[in-house]
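Here is how the chains run, residue by residue.
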Amino acid sequence: GMFANDDLPEGELLLRIPRDCCVTIDDALNDMECGPAFQHLLEQAGSGADTVVIAGYLAKEYLLLKEYDRRLKAGEKPDGDA
């Protein structure tokens, strides 16, 4: 969280996060494995599809990280080679 000790003027810039530090719809659509499926979903679904696509992308990345951790704990190389 963020706190201010004094009143802030309306429109005051509190912080700036570079776009390349954020997960965006472009990241999901450019994903090598799932990008085409995400693009199809975006075209077929209605309002809110971008939120669903980003959620799917984040879920995929989370599952990949869990698998990476599992392989490390099992003494395997993370890329799948024994």
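Anything mentioned here points back to the structure above.
Bear in mind the structure is a predicted one, so any value in this text is a computation, not a measurement. (Residues numbered from 1 in each chain as written. Predicted model: local features only at pLDDT ≥ 70, side-chain atom pairs only at ≥ 80, totals over all residues. Heavy atoms only, no water.)

(A) Quick peek at the overall build of the chain. Broken down by element type, the chain carries 3 helices and 0 strands. Beginning at the N terminus, the succession of helices and strands in the chain can be written as α-α-α. For 82 residues, the compact-globule estimate of 2.2 N^0.38 gives 12 Å, and the C-alpha radius of gyration of the chain, at 19 Å, exceeds that figure by more than 25%. Taken along its principal axes, the extent of the C-alpha atoms in the chain is 60 × 40 × 15 Å. By residue count, 11% of the 82 residues in the chain fall in the buried class. Here the chain displays about 6,900 Å² of accessible surface, and carbon together with sulfur accounts for 55% of that area. (Helix = DSSP H or I, 4+ residues; strand = E, 2+ residues; numbered from the N terminus. Rg over C-alpha atoms; globule rule 2.2 N^0.38 Å. Buried < 20%, exposed > 50% of the residue type's maximum accessible area, 1.4 Å probe, protein only. Areas by Shrake-Rupley, 256 points an atom, 1.4 Å probe, with all protein chains shown as cover.)

(B) Just the side chain of Thr24, in detail. Here Thr24 is to be found in the segment before helix 1 (25-29). For Thr24, a relative accessible area of 12% translates into the label buried. Excluding residues that lie within four positions of it along the chain, Thr24 makes contacts with Arg19 and Ile54. (Contact = heavy atoms within 4.5 Å.)

(C) Spotlight on a nonpolar patch on the surface. On the surface, Met2, Leu8, Leu14, Leu15 and Ile17 cluster together into a nonpolar patch covering about 490 Å² of accessible area. Along the polypeptide, Leu8 turns up in the segment before helix 1. Judged by its relative accessible area of 46%, Leu8 falls in the partly exposed class. (Patch = residues over 30% accessible without salt bridge, like charges linked within 9 Å, V, L, I, M, F, W, Y side chains within 5 Å. Salt bridge = Lys/Arg side-chain N within 4 Å of Asp/Glu carboxyl O.)

(D) Just the environment of Glu67, in detail. Mapped onto the fold, Glu67 is located in helix 3 (residues 49-73). When the C-alpha positions of Glu67 and Asp79 are compared, they lie 9.9 Å apart, and in sequence the two are 12 residues distant. A polar atom in the side chain of Glu67 sits 2.8 Å from the side chain of Arg71. (Polar contact = N/O pair within 3.5 Å; in protein donor to acceptor, adjacent residues only side chain to side chain.)

(E) Region of interest: helix 3. The end-to-end C-alpha distance of helix 3, which contains 25 residues, comes to 36 Å, matching closely the 36 Å that a straight helix rising 1.5 Å per residue would cover. Every buried residue of helix 3 is listed here: Ala49, Val53, Tyr57 and Lys60. Here the buried face of helix 3 lies against helix 1 and helix 2 (35-44). Looking one or two residues beyond helix 3, the residue adopting positive phi is Gly75, at roughly 80°. (Expected span 1.5 Å × (residues − 1).)

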